[in-house]
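# Commentary on secondary and tertiary structure
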Amino acid sequence: MNLISQQNRADLKRRFRKELKRDVTLKFFTTTTSSALVLPGRECPTCPQAQELLEVTTGLSPKLHLETYDYFSDIEERDRCGVERIPAIVLETERGGIMKYYGVPAGYEFALLVQDIITLSRKVSPLMVPTRRSLRTVNRPVHIQVFVTPD
Amino acid sequence: MAHGMTLENKLITADVVEVREFPNMARQYNVSSVPQTVINQMIEFTGAIPEDQFLEKVMQVGYEDPEAAQNGV
């Protein structure tokens, strides 16, 4: 399956070469069970597609790294990152905040993912200084969920 | 913007959810149009809003004045 066209790969490779500064690790939570042995309740029909997309994306820059975890057996990491379903992609920030993507990051989500990767790599926040200052005073857990579609 | 907020504080987590892959969640949160944002399952809004308004909603649930909490206000 060709999830990213050759032209888009070339564009993205150029963009990563130009914009990435520090290394970024993407944690991918999936099911690693063989497709011939899928147990009821453990199906993840879109996990292979998400994996392919991430492998292609992280392959476009030596500064990008992909770590793959099994949702059903890597329980410690899953719970530490608060992953509740798959496919899921986790990006951790320097201050310990967690960004997650649930589902195949296609279309709009893919554009967000690329932007988040660049933000983390460059350590340049997209937010205004007063906003950032206020957010540092947050003293109770905040869980933001944004529901999107790929187009 | 939500993901950008996670850069500032370890208490902030932000998820982007592709609703077509998780229709149960779409039903649970009554998602009828996108993007729809839900904060701590208490505050919700549809569409993009200015940064200061988004911040206000986050602070509503994410900040408790320590003195007020101590005095039981």
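So, here's what we can say about the structure. (Residues numbered from 1 in each chain as written. Chains lettered and ligands numbered in written order. Predicted model: local features only at pLDDT ≥ 70, side-chain atom pairs only at ≥ 80, totals over all residues.)

### Some remarks on the overall build of chain B
In plain terms, the rule: Helix and strand assignments come from DSSP, with helices taken as H or I runs of at least 4 residues and strands as E runs of at least 2, each series counted from the N terminus. We compute the radius of gyration over the C-alpha atoms and compare it with the globule rule, which gives 2.2 Å times the number of residues raised to the power 0.38. Exposure classification rests on a simple neighbour count of other C-beta atoms within 10 Å of a residue's own: a residue reaching 20 or more is buried, one at 12 or fewer is exposed, and one in between is partly exposed. C-beta atoms are placed from the backbone. By definition, residue pairs are in contact when their C-beta atoms, positioned from the backbone, come within 7 Å.
The helix and strand inventory of chain B stands at four helices and three strands. Of the regular secondary structure in chain B, the N- to C-terminal order runs α-β-α-β-β-α-α. For chain B, the C-alpha radius of gyration of 14 Å lies well beyond 11 Å, the compact-globule estimate for 73 residues. The principal-axis extent of the C-alpha atoms belonging to chain B is close to 45 × 25 × 20 Å. Looking at chain B as a whole, 36% of its 73 residues are labelled buried. For chain B, long-range pairs separated by at least 24 residues make up 15% of all intrachain contacts whose partners lie at least 6 apart in sequence.

### Quick word on helix α4 (residues 108–122) of chain A
Residues and elements named next belong to chain A. Formally: To estimate how far a helix should reach, multiply one less than its number of residues by 1.5 Å. As used here, the arc is the angular range of directions from the helix axis to the C-beta atoms.
With 15 residues, α4 extends 21 Å from end C-alpha to end C-alpha; this agrees with the ideal 21 Å at 1.5 Å per step. Turning to α4, its buried residues are Glu109, Leu113, Asp116, Ile117, Thr119 and Leu120. Seen from one end, α4 has its buried residues packed into an arc of 165°, which puts them on one side. Positive phi appears at Lys123, one or two residues downstream of α4, with a value of about 55°.

### Digging into the interface of chain A and chain B
Facing the 41 residues of chain A at the interface are 39 residues of chain B. Mapped by element, the contributors of at least two residues to the side of chain A that touches chain B are β4 (98–102), α4, α5 (129–135) and β5 (142–148) of chain A. No other element matches β5 of chain A, which puts seven residues into the side of chain A that touches chain B.

### A short note on the pairing of strand β3 (residues 88–92) of chain A
Residues and elements named next belong to chain A. Put simply, the rule is: A pair of strands is considered paired only if DSSP assigns at least 2 bridges between the two.
Burial runs high along β3: four of the five residues are buried. Note: strand β1 (residues 24–30) against β3, three bridges, orientation antiparallel. Directly across from Phe29, in β3, lies its bridge partner Ala88. Examined bridge by bridge, β3 and β4 share five bridges and lie antiparallel to one another. Within β4, the residue paired with Glu92 across the bridge is Ile98. Linking β3 to β4, which pair antiparallel, is a turn of five residues; within it Gly96 sits at a positive phi near 95°.

### Digging into the sheet that holds β1 of chain A
To keep it simple, the criterion reads: Axis definition: a line fitted to C-alpha atoms, limited for helices to the stretch in contact. Angles are taken between N-to-C directions and run from 0 to 180 degrees.
On the basis of which strands lie adjacent, the open sheet formed by eight strands has the order β2(A)-β1(A)-β3(A)-β4(A)-β1(B)-β5(A)-β2(B)-β3(B) and mixed pairing. Here the strands that pair on one side only, and so sit at the sheet edges, are β2 (64–70) of chain A together with β3 (43–46) of chain B. Here the average twist between neighbouring strands, direction ignored, is 20°. Pairing analysis gives four bridges linking strand β2 (residues 36–39) of chain B to β3 of chain B, with the strands arranged antiparallel. Bridging from a neighbouring strand, Thr37 of chain B pairs with Phe45 of chain B of β3 of chain B.

### A short note on the environment of Val114 of chain A
Among the structural elements, Val114 of chain A can be located in helix α4. Between the C-alpha atoms of Val114 of chain A and Leu12 of chain A, which are 102 residues apart in sequence, the distance is 8.8 Å.

### Overview of the nonpolar core
Looking at soluble globular proteins, one finds that nonpolar side chains tend to be buried together. This is how it is decided: Put simply, a nonpolar core is buried Ala, Val, Leu, Ile, Met, Phe, Trp, Tyr and Cys residues tied into one set by C-beta atoms within 7 Å.
Residues Phe29, Ala88 and Ile89 of chain A together with Met5 of chain B are the most contacted members of the largest nonpolar core, which totals 44 residues. When residues no more than four places from it in sequence are discounted, the contact partners of Met5 of chain B are Leu135 and Ile144 of chain A together with Ile12, Ala14 and Val58 of chain B.

### Focus: unusual backbone geometry
Here Ile86 of chain A and Pro87 of chain A are connected by a cis peptide whose omega angle stands at 0°. Of note, the amide linkage connecting Val34 of chain B to Pro35 of chain B takes the cis form, showing an omega dihedral of -5°. Looking at where Pro35 of chain B falls in the secondary structure, it is placed in the loop between α2 (23–28) and β2. Notably, Lys123 of chain A is not glycine yet its phi reads approximately 55°, a positive angle. Examined against the element boundaries, Lys123 of chain A turns out to sit in the loop between α4 and α5. Given 11 C-beta atoms within a 10 Å radius, Lys123 of chain A is considered exposed. Its identity as a non-glycine residue notwithstanding, Asn30 of chain B has a phi of 50°, on the positive side. Its place among the elements puts Asn30 of chain B in the loop between α2 and β2.

Nothing here speaks to function; it is geometry throughout.
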